[in-house]
Amino acid sequence: MDGIKKILGIVWIVLGLATAWFGIKELGIPKLSSGKQDDLVFGIIIMFILTPIITGGLLIFGKYALEGEFGSDKE
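Bear in mind the structure is a predicted one, so any value in this text is a computation, not a measurement.

Student: Any chance you could break down the overall build of the protein chain for me, citing the residues and the numbers?
Tutor: In terms of regular secondary structure, the protein chain is built from 2 helices and 0 strands. On C-alpha atoms alone, the protein chain measures out to a radius of gyration of 16 Å, which is more than a quarter above the 11 Å that the 2.2 N^0.38 rule sets for 75 residues. Principal-axis analysis of the C-alpha atoms places the extent of the protein chain at approximately 55 × 20 × 10 Å. Within the span of the protein chain, comprising 75 residues, buried residues form 20% of the whole. In the protein chain, the proportion of contacts linking residues at least 24 apart, taken out of those at least 6 apart, comes to 63%. A total of about 5,400 Å² of accessible surface is found on the protein chain, and carbon and sulfur atoms cover 72% of it. Distance between charge centroids for the protein chain: 6 Å, based on 7 positive and 8 negative side chains.

So this is what it looks like as structure tokens:
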């Protein structure tokens, strides 16, 4: 079971990095540089609110899974 947790920890970290890349490169920067008011608001929300929360959560979850802290059966 510890092996599965460590593998899934790596998966969560990779998903966190992929989310950061997608949130910044695919959604954030193109919306901020489009010049339209609606896109600017959406880009700000994506870049400065959603991307850090989602990425941070996935990276922390992966870190704890790798360390064996998450879902531990220790008393």
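Student: Before we move on, can you summarise helix H2 (residues 37-67) with the specific residues and values?
Tutor: Between its first and last C-alpha atoms H2 spans 44 Å; for 31 residues at 1.5 Å apiece the expected length is 45 Å, and the two agree. Its maximal kink placed at Leu50, H2 deviates by approximately 40 degrees, while the proline Pro52 follows within four residues. Taken together, the buried positions of H2 are occupied by Asp39, Gly43, Ile46, Met47, Thr51, Thr55, Leu58, Gly62 and Ala65. Those residues of H2 that are buried are in contact with helix H1 (2-32). Backbone geometry just after H2 places Gly68 at a positive phi near 80 degrees.

Student: So, the environment of Ile53: which residues are in play, and what are the values?
Tutor: Summarising the element assignment, Ile53 is placed in helix H2. With a relative accessible area of 58%, Ile53 lands in the exposed category. Along the chain, Ile53 and Ile24 lie 29 residues apart, while their C-alpha atoms are 13 Å from each other.

Student: Go over the pattern of salt bridges with me, naming the residues and quoting the values.
Tutor: Tallied over the entire structure, the rule returns 3 salt bridges. Put simply, Asp39 and Lys36 hold a salt bridge, and the shortest N to O gap is 3.8 Å. We classify Asp39 as buried; its relative accessible area is 15%. Using a relative accessible area of 54% as the deciding quantity, one classes Lys36 as exposed.

Student: Talk me through H1; I want residue IDs and the actual numbers.
Tutor: In a regular helix each residue adds 1.5 Å, so 31 residues correspond to 45 Å; H1 covers 43 Å between its end C-alpha atoms and thus fits that length. Considering bend angle alone, the principal kink of H1 is centred on Ile24 and spans about 30 degrees. On the buried face of H1, the contacting elements are H2.

Cut-offs and rules
Residues numbered from 1 in each chain as written. Predicted model: local features only at pLDDT ≥ 70, side-chain atom pairs only at ≥ 80, totals over all residues. Heavy atoms only, no water. Helix = DSSP H or I, 4+ residues; strand = E, 2+ residues; numbered from the N terminus. Rg over C-alpha atoms; globule rule 2.2 N^0.38 Å. Buried < 20%, exposed > 50% of the residue type's maximum accessible area, 1.4 Å probe, protein only. Contact = heavy atoms within 4.5 Å. Areas by Shrake-Rupley, 256 points an atom, 1.4 Å probe, with all protein chains shown as cover. Lys, Arg positive; Asp, Glu negative; His and termini not counted. Charge placed at Lys NZ, Arg CZ, Asp CG, Glu CD. Expected span 1.5 Å × (residues − 1). Bend = angle between axes of the 7 residues up to and from the residue. Salt bridge = Lys/Arg side-chain N within 4 Å of Asp/Glu carboxyl O.

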